[in-house]
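Observations on the three-dimensional arrangement
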Amino acid sequence: MGNTALMDRIKESGLSQEAIAAALNISRVTLNQKLNGRSGFKVSEVKQLKETLNLTNDQVYAIFFD
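The present account deals with the structure reproduced in this document.

What counts, and at which threshold
- Residue positions are counted from 1 within each chain, in the order its sequence is given.
- In keeping with the predicted nature of the model, local features appear solely for residues at pLDDT of at least 70, side-chain atom pairs appear and are counted solely at 80 or more, and the whole-chain, interface and lining totals rest on all residues.
- Heavy atoms throughout the structure, all of them, feed into the side-chain values; hydrogens and water do not.
- Residue types Ala, Val, Leu, Ile, Met, Phe, Trp, Tyr and Cys, when buried and joined through side-chain atoms within 4.5 Å, form a set referred to as a nonpolar core.
- For every residue, the accessible area (1.4 Å probe, protein chains only) is compared with the maximum for its type, and the residue is labelled buried under 20%, exposed over 50%, or partly exposed between those bounds.
- Any two residues whose heavy atoms approach within 4.5 Å at even a single point are treated as in contact.
- Numbered from the N terminus, helices here are DSSP runs of H or I no shorter than four residues, and strands are runs of E no shorter than two.
- In protein, a polar contact requires one atom able to donate a hydrogen and another able to accept it; more generally it is a pair of N or O atoms within 3.5 Å, and residues adjacent in sequence count only if both atoms are side-chain atoms.
- Two aromatic rings, drawn from Phe, Tyr or Trp (for Trp, its six-membered ring), form a pair once their centres lie within 6.5 Å of each other, and the interplanar angle then sorts them: stacked below 30 degrees, edge-to-face above 60, tilted otherwise.
- As a reminder, the over-ring test applies to NZ of lysine and CZ of arginine, requiring each to be within 6 Å of the ring centre and within 35 degrees of the ring normal.

The next thing to look at is the nonpolar core. One finds L6, L31, F41, L49 and F64 to be the most contacted residues of the largest nonpolar core, which totals 16 residues. Not counting residues up to four positions away in its chain, the partners in contact with F41 are L6, L24, L31, K34, L35, V46, L49 and F64.

So, about the side chain of R9. Structurally, R9 can be placed in helix α1 (residues 4-13). A distance of 2.7 Å separates a polar atom in the side chain of R9 from the backbone oxygen of L53. Discounting residues that sit within four places of it in the chain, R9 has contacts with L53, N54, L55 and Q59.

The next point concerns the side chain of K34. Structurally, K34 is set in helix α3 (residues 28-35). Setting aside chain neighbours within four positions, we find K34 in contact with I26, S39, G40, F41, K42 and E45.

With that settled, consider the packing of aromatic side chains. Summed over all chains, the structure comprises 2 aromatic pairs. Centre to centre, the rings of F41 and F64 are 5.5 Å apart; their planes meet at 80 degrees, and the pair counts as edge-to-face. Of this pair, F41 sits in the loop between α3 and α4 (43-52) while F64 sits in helix α5 (residues 57-64), and the two are 23 residues apart along the sequence. Exposure remark for F64: the relative accessible area of 19% places this residue in the buried category. Over the face of the ring belonging to F41 we find K34, whose NZ or CZ atom lies 5.6 Å from the ring centre.

In structure tokens:
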């Protein structure tokens, strides 16, 4: 199962998946694997996503830990 909340937040941000992948220093393919639940996000990636997407702590918790 994919992370639809995160995908929605990326769309709302107006950033492309390529831009998000670049911010995480990973390929777009790797980002898609993470978004689709085939692999997990590292703590450093979650921190970078929080900054890049201007996520609140509550949003981070809801997206990654609920």
